[in-house]
Amino acid sequence: FRSGKYVYKPIMNQTCCPQYTIRCQALRFQASKSHKKVLKKMLKFLSKGDVSKAASEEEPMDSHVEVVDTCDFVYKSESQVSQSELTPLSVDHTEGVENEDKDTGETKEEVNEQKMESGSLQMCADKDTPVPGGPSHSAKAVSAPPKPGKGADLSKPPCRKAKDIRKERKLQKLLQSQTCAFEGSQLQAGSQVLLSQNSKSKTNQPKTIEDFVFASLPDDAPHKLEVRLVPVSFEDPQFKSSFNQSATLFAKYQMAIHKDTPSDCGENEFTRFLCDSPLEAENAPNGPECGYGSFHQQYWLDGKIIAVGVIDILPYCVSSVYLYYDPDYSFLSLGVYSALREIAFTRQLHEKAPDLCFYYMGFYIHSCPKMRYKGQYRPSDLLCPETYVWTPVEQCLPLLEHTKYCRFNQDAKA
């Protein structure tokens, strides 16, 4: 790790808080639910000006680790439903329909509509109106009033849930439409199956970071966000022209978040800490167009810098050195958002430089709860402090629960 030009390695078995090098496999990274909430929050802010701070509690500064949800349910296209599944429902099928409805999922509008229909259907049943699909009864039996104090009138058909009836109607309509389609053209039906399968498979694919980050905004969007990659060099015109604004933002961040004094975060301290670098800029023929070296990734919102990510671009990775941001925009969870943007940036660089495929997040400190959030960027690996072998973080966490210092590599001969 480095601080300015100072490069250091902690003595792991002696320090009070062992710091393990952590890297994320950027090409295989999948955003968790909390990550997607942050991305959606930024999209809503940019496109609609939504500044709801309720979602700001999603900052991953806690010790829990989310597991990526998977769904094994396979959706069927309309032309894939078998004949047995199209049999009209009876009262005994209620339980099966409920389970099927849970799998397919219903929108809020459908649920509200069902509640309204349920109330009206129960009233109709009380008025001796037979329900479709229920057992048939004579008019005389239906009109017989129940005896007081004897409970439900057994001569009447039992009430059915609205969603059962809706399911039955849907299947009946589906049966009719399938019959017509079959009579019309078997070939056309087969092509519809294939088309439906392809559309469903595309629809069910989870969204990537890029789907959120590069989503198109409406023309009347109230905010505009631009991310600029600037080489850390006073010879670069962009870096030089934005230096004062960037240094002022650094001081504001340090004093608000880390309680530094003004003398602790002046321009000299800013330059020494985040502008000086031991890396020399290099442009390799098989490397990325921006070259290798140290950079500031500036987040410009409506013409001003609200965050700066200090990164090193190396032949095999993008290394995150530091991030500072405007505390006034903390509701956007800029720490999480910038990390996701840097993972997406690593993927972009990989297209030009195939060896560049890892995202280094600095150190993982399990004994510090506020630093455990780094373990939520999966898949990630921790570096064994003795054998320098990368080990999946899932294998390391149980060991770190028992002792702060661990040798992750279980090979005694290594």
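- Under the annotation held in an unreviewed UniProt entry, the protein carries the name arginyltransferase and is attributed to Pterocles gutturalis.
- Listed under Sequence similarities (unreviewed entry) in UniProt, the entry text for the protein is "Belongs to the R-transferase family."

1. A short note on the packing of helix α1 (residues 33-48) against helix α11 (residues 334-352)
Moving on, step 1. Following both chains from N to C, one finds α1 and α11 inclined at 100°, their axes separated by 10 Å at the closest point. When the axis of α1 is compared with that of α11, the two are roughly perpendicular. Every residue of α11 that contacts α1 at His35, Val38, Leu39 and Met42 is listed here: Leu334, Val336, Tyr337 and Leu340.
Moving on, step 2. When grouped by side-chain class, the residues that make up the contact of α1 with α11 number 7 nonpolar, 1 polar and no charged.

2. Digging into unusual backbone geometry
Moving on, step 1. Of the consecutive residues Arg378 and Pro379, the connecting peptide bond is found in the cis state with omega at -5°.
Moving on, step 2. Looking at the element boundaries, Pro379 is found in the loop between β8 (358-364) and β9 (380-383).

3. Focus on the pattern of salt bridges
Moving on, step 1. The final tally for this structure, using the stated rule, is 8 salt bridges.
Moving on, step 2. A salt bridge links Glu210 to Arg347; the nearest nitrogen and oxygen atoms lie 3.0 Å apart. With a gap of 137 residues between them, Glu210 in helix α7 (residues 209-213) and Arg347 in helix α11 connect regions that are remote in the sequence.
Moving on, step 3. For Glu210, a relative accessible area of 22% corresponds to the partly exposed category.
Moving on, step 4. The buried category is assigned to Arg347, whose relative accessible area is 14%.
Moving on, step 5. With a shortest N-O distance of 3.4 Å, Glu226 and Arg228 are connected by a salt bridge.

4. What to know about the UniProt feature "domain: N-end aminoacyl transferase N-terminal" (unreviewed entry) in the protein
Moving on, step 1. UniProt records the feature "domain: N-end aminoacyl transferase N-terminal" (unreviewed entry) for residues 2-37 in the present numbering.
Moving on, step 2. With 14% helix and 28% strand, the stretch residues 2-37 has end C-alpha atoms that lie 32 Å from each other.

5. Concerning the nonpolar core
Moving on, step 1. With 75 residues, the main nonpolar core has Tyr324, Tyr377 and Leu382 as its most contacted residues.
Moving on, step 2. The contact partners of Leu382, leaving out residues within four places of it in the chain, are Tyr20, Thr21, Ile22, Tyr364, Val389, Trp390, Thr391, Val393, Cys396, Leu400 and Phe408.

6. Quick word on the packing of helix α9 (residues 243-257) against helix α10 (residues 267-275)
Moving on, step 1. In contact at an axis separation of 10 Å, α9 and α10 are set at 95° when each is read in the N-to-C sense. It follows from the interaxial angle that α9 and α10 lie roughly perpendicular. Of the residues in α10, those touching α9 at Phe243, Asn244, Ser246, Ala247 and Phe250 are Glu267, Phe270, Thr271, Phe273, Leu274 and Cys275.
Moving on, step 2. Looking at the contact of α9 with α10 residue by residue, the classes come out as 7 nonpolar, 3 polar and 1 charged.

7. Focus on the side chain of Arg23
Moving on, step 1. By the element assignment, Arg23 lies in strand β3 (residues 20-25).
Moving on, step 2. Those residues in contact with Arg23, other than ones at most four positions away along the chain, are Phe358, Tyr359, Tyr360, Met361, Pro379, Ser380, Asp381 and Trp390.

8. Focus on a positive patch on the surface
Moving on, step 1. Together, Lys40, Lys44, Lys48 and Lys207 make up a region of like positive charge exposed at the surface.
Moving on, step 2. When its relative accessible area of 45% is taken as the criterion, Lys44 is described as partly exposed.

9. Points about the pairing of β9
Moving on, step 1. The alternating pattern of β9 places Ser380 and Leu382 on one face and Asp381 and Leu383 on the opposite face, and all of these are buried.
Moving on, step 2. Pairing between β3 and β9: 3 bridges, direction antiparallel. Directly across from Arg23, in β9, lies its bridge partner Asp381.
Moving on, step 3. Bridge count between β9 and strand β10 (residues 390-392): 3 bridges; the pairing is antiparallel. Each residue of the ladder has a partner; that of Asp381, found in β10, is Pro392.

10. Digging into the sheet that holds strand β6 (residues 304-313)
Moving on, step 1. Reading across the sheet, the 8 strands line up as β4-β5-β6-β7-β8-β3-β9-β10 and stay open at both edges, with mixed pairing between neighbours. The sheet terminates laterally at β4 (225-231) and β10, the two strands that pair on one side only. For this sheet the average axis-to-axis angle between neighbouring strands, irrespective of direction, equals 30°.

Each value, and the rule that gives it
- Throughout this description, residue numbers start from 1 for each chain and increase along the sequence as written.
- In view of the model being predicted, local features appear only for residues whose pLDDT reaches at least 70, and side-chain atom pairs are presented and counted only at 80 or more, with totals across whole chains, interfaces and linings using the full set of residues.
- Heavy atoms throughout the structure, all of them, feed into the side-chain values; hydrogens and water do not.
- UniProt positions are given in the numbering used here, feature names are shortened, and annotations may be inferred rather than shown by experiment.
- Only the contacting stretch of a helix is used when fitting its axis, a line to C-alpha atoms as for every element, and angles between N-to-C directions run 0 to 180 degrees.
- The numbering of helices and of strands both runs from the N terminus, where a helix is a DSSP run of H or I of at least 4 residues and a strand a run of E of at least 2.
- Put simply, angles under 35 degrees are roughly parallel, angles over 145 are roughly antiparallel, angles from 65 to 115 are roughly perpendicular, and the rest are oblique.
- The criterion used for residue contact is that any of the two residues' heavy atoms lie within 4.5 Å.
- Gly is placed with the polar residues, together with every amino acid not listed as nonpolar (Ala, Val, Leu, Ile, Met, Phe, Trp, Tyr, Cys and Pro) or charged (Asp, Glu, Lys and Arg).
- Salt bridge, as used here, is a side-chain nitrogen of Lys or Arg placed within 4 Å of a carboxyl oxygen of Asp or Glu.
- In this scheme, a residue with accessible area under 20% of its type's maximum is buried, one over 50% is exposed, and one in between is partly exposed, where area comes from a 1.4 Å probe on protein chains only.
- Here, nonpolar core refers to any group of buried Ala, Val, Leu, Ile, Met, Phe, Trp, Tyr and Cys residues whose side-chain atoms link them within 4.5 Å.
- The patches described consist of residues with a relative accessible area above 30% and no salt bridge, like charges being joined within 9 Å and nonpolar side chains (Val, Leu, Ile, Met, Phe, Trp, Tyr) within 5 Å.
- Only the protein chains shown count as cover for residues, with accessible areas throughout obtained via the Shrake-Rupley method and a probe of 1.4 Å.
- All tallies of charge rest on Lys and Arg as positive and Asp and Glu as negative; His and the ends of each chain are not included.
- The atom standing in for a charge is NZ when the residue is Lys, CZ when it is Arg, CG when it is Asp and CD when it is Glu.
- Two strands are said to pair when DSSP picks up at least two bridges between them.

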